Amino acid sequence: PAAPATLPADPGAGTKRPAALSGEEKAKKKAALAAMLAAKGKELELLRAKQQRVQQLEERKRAWEQQMQQEQQEAQRKALMEAEQEEKKAKEPGREWGQASAEELPIQAHSDVIVHRVANSRVTCIQGETGCGKSSVVPQLILTRGAAGSRGIRVLVAQPRRLAATSLAGRVAQQLNCKLGEEVGFRISGKAIDGPKTKILFVTTGYLKERLLHNPDDL
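Residues numbered from 1 in each chain as written. Predicted model: local features only at pLDDT ≥ 70, side-chain atom pairs only at ≥ 80, totals over all residues. Heavy atoms only, no water.

## Regarding the sheet that holds strand 2 (residues 184–188)
The condition that has to hold: What makes two strands pair is DSSP finding at least two bridges between them. Secondary structure is summarised from DSSP: a helix means a run of H or I of at least four residues, a strand means a run of E of at least two, and numbering begins at the N terminus for each. Between N-to-C directions, angles span 0 to 180 degrees; the directions come from axes that are lines fitted to C-alpha atoms, helices contributing only their stretch in contact.
Read across the sheet, four strands follow the order 1-4-2-3 without closing on themselves; strand pairing throughout is mixed. If you trace the sheet from one side to the other, it starts and ends with strand 1 (155–159) and strand 3 (191–193), each paired once. This sheet shows a mean twist of 20° between the axes of neighbouring strands, independent of strand direction. Here strand 2 runs beside strand 3; their pairing, made up of three bridges, is antiparallel. Within strand 3, the residue paired with Arg187 across the bridge is Ala192.

Structure below.
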């Protein structure tokens, strides 16, 4: 008789199957996953906020740099205009000592007040637009109409640029009908045109600072 057929063995026979999770364990795993996702979400939010903050700071920095550049360009433009005006006025014909120019400057309308304040105050602040006559007219007012004892004083006029100091000195010398280096002179770094009779001395702010620090008696 034929041998009985043998059936293949069950591959899963003899192995343990994982036990099914209870409802409580599933809930715990689900809660843990939700908490992890929430933490990751908060980290992403913090990273986005930090990036936005950095971007805002960079924008502020660029705006500040642009503003500073504009202010610097405006200051340079005004200084150049002032130097050109002073250089142009320095070419005007000379006049007698204390004689007003043919074109009255705005500051001359306040000459009485300026002389009175200078004579009765230790410090006098004068504010005016460029070209109004602060640097050219006021020194002459102090010497010609100043307080008692003005004969022995020396007026120092500080200018931010070399060109402004030299051109103003030449202009005021012409206005006072004197030779540059006598009653009116200037001192800048590396060059000086003045003398013992100089009453109005134009200097640059850098030169004045150095002299005040190292040799104030020389002024």
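Still to come is the rest of the account.
## Some remarks on the pattern of salt bridges
It is possible for side chains bearing opposite charge to pair when their charged atoms get close. Here is the rule we go by: What counts as a salt bridge is simple: a side-chain nitrogen of Lys or Arg found within 4 Å of a carboxyl oxygen of Asp or Glu. Remark: exposure states derive from per-residue accessible area (1.4 Å probe, protein chains only) relative to the maximum for the residue type, with buried under 20%, exposed over 50%, and partly exposed in between.
Under the criterion given, the structure shown has two salt bridges. With its nearest N and O atoms 3.0 Å apart, the salt bridge here joins Asp194 to Arg154. Of this pair, Asp194 sits in the loop between strand 3 and strand 4 (200–204) while Arg154 sits in the loop between helix 3 (137–145) and strand 1; the two residues are 40 residues apart in sequence, bridging distant segments of the chain. Since its relative accessible area comes to 24%, Asp194 is described here as partly exposed. As a salt-bridge pair, Asp194 and Arg187 come within 2.9 Å of each other at their nearest N and O atoms. Overlapping salt bridges bring together Arg154, Arg187 and Asp194 as one network.

## Considerations on the environment of Thr198
Quick note on the threshold: Two residues qualify as a contact provided that any one of their heavy atoms is within 4.5 Å of a heavy atom in the partner residue. Counted as a polar contact is a pair of N or O atoms within 3.5 Å, where, for protein atoms, one must be capable of donating a hydrogen and the other of accepting one, and residues adjacent in sequence contribute only when both atoms are in side chains.
Take Thr198: it is sitting in the loop between strand 3 and strand 4. In this structure Thr198 comes out as buried when scored by relative accessible area, which is 5%. Discounting chain neighbours no more than four positions away, the residues touching Thr198 are Arg154, Gly181, Glu182, Glu183, Val184 and Gly185. One polar contact links the side chain of Thr198 to the main-chain amide nitrogen of Gly195, over a distance of 2.8 Å.

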